[in-house]
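Structural features, examined
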Amino acid sequence: MTIRSLDLPPSDAEVDAWLAVLVAAVAADQPQLPAPSHREIAGRLCVPPARGRPVLWAAAEGAGVAALLLFTDEGNTHTAFLDVLTVRPQERRQGVGTALWERVREELLAQGRTSVAAMVDLGGPGQAFAKSLGFENVLPMAWYEQELPADGPVPATPGYELHVWHGLAPDAWAPALATAHGAMEDTPTGDMDERIQIWTAQRLHALQQLIIDRGGELTTVAAVTGTGEVAAYTELVLPDPSGARAIQHDTVVAPGHRGHGLGRAVKLRMAAEAAARHPGLRRIATTVADANTHMRAVNEAIGYRRERDAGIFQIKL
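Notes on the structure in this doc start here. Numbers given to residues run from 1 along each chain, matching the order in which its sequence is written. Under the rules for a predicted model, residues below a pLDDT of 70 receive no local features and side-chain atom pairs below 80 are neither given nor counted, while totals for whole chains, interfaces and linings still include all residues. In computing side-chain properties, one takes all heavy atoms of the structure into account and sets aside hydrogens as well as water.

1. Structural notes on helix 5 (residues 174–181)
Note on exposure labels: buried denotes an accessible area under 20% of the residue type's maximum, exposed denotes more than 50%, and partly exposed covers the range between, all computed with a 1.4 Å probe on protein chains only. Helix numbers and strand numbers start at the N terminus; a helix is a DSSP run of H or I with at least 4 residues, a strand a run of E with at least 2. In terms of residue burial, helix 5 counts as a mostly covered element, since six of its eight residues are buried. All buried positions along helix 5 are accounted for by Ala174, Ala176, Leu177, Ala178, Ala180 and His181. Only heavy atoms enter the contact rule, under which two residues are in contact if any of them lie within 4.5 Å. Buried residues along helix 5 sit against strand 7 (161–166), helix 6 (201–213), strand 8 (217–224), strand 9 (230–238) and strand 10 (245–253).

2. As for the pattern of salt bridges
Just to be clear on terms, a salt bridge is a Lys or Arg side-chain nitrogen sitting within 4 Å of an Asp or Glu carboxyl oxygen. Going through the model one piece at a time under the given rule, you end up with 16 salt bridges. A salt bridge links Arg53 to Glu107; the shortest N-O distance between them is 3.6 Å. Taken together, the positions of Arg53 in strand 2 (residues 52–59) and Glu107 in helix 3 (residues 96–110) put the pair 54 residues apart, joining distant regions of the chain. For Arg53, a relative accessible area of 37% gives the class partly exposed. Classification of Glu107 as buried rests on a relative accessible area of 18%. Across the pair Glu307 and Arg308 runs a salt bridge, and its minimum N-O distance is 2.5 Å. Just as Glu307 is buried, Arg308 falls in that class too.

3. Thoughts on helix 3
Its 15 residues place the ends of helix 3 21 Å apart at the C-alpha level, agreeing with the 21 Å of an ideal helix rising 1.5 Å per residue. Turning to helix 3, its buried residues number three or more, namely Val96, Gly97, Ala99, Leu100, Trp101, Val104, Glu107 and Leu108. Phi for Gly112, located one or two positions after helix 3, is positive at around 75 degrees. Here the expected length of a helix is defined as 1.5 Å per residue gap, with one fewer gap than residues.

Structure follows, in structure tokens:
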């Protein structure tokens, strides 16, 4: 089996071939989901991530693809994230996935990495393949989906004002948003080998700019106090603004402001903004760790339903 490394950025033909593999896999494994768009995949392949070095491989004749992210941020240079390892359905059980994994593993060892993680949907070929290689589910979670329009009006938030920003957060608010994001440190992470990074305004803007540079659209809704503190916020990403599905990224409520319904308020305001701004948008998806009982309850209260089980699978090399 011939596996070749792709130059960065890949050519238009390589992007098209990569997209064809993913579209075929989604149609076979998750027909309830929309196929990835060319804009989304081209953005992910051609615009490098903000916190690591990507390595891409493709099997001969478009049989399969793999993408590895080697973290470069402080404290995580021992680990990596396997973003993609997908084999075209008709090429499965012919050693394509194993050959791709061997190239990934060789790269990990050559770079001195001692572990790698991947997000895997449960109950499908990805889970069976990961387990056959020795990966373990270190953070059980699930995908949840909310249909638009969302259930219920945006609740009042006495003592807090809701702000909405499209694109990069204003410079004046970025430090406060970064401080609030630090509250994510108590979010369940299971036995993941990846170390949580300190959030700064610069890091926040770099990750937001990456979404924009890749052709996506970002909206932030924040609950702020009269003294300029960000008490809670949530982010929504449309990888392809013309698509029918958006991804809810982080939702944060600072410890001193919990118990006031702010998580529910920012999420409902976000859903209302998204429905008004993107008439073609039909669903918002998000992941929540099974151990995060509070956020699961918030999501269920505003209409999210559990769509499919997943997990962060990890292997020590």
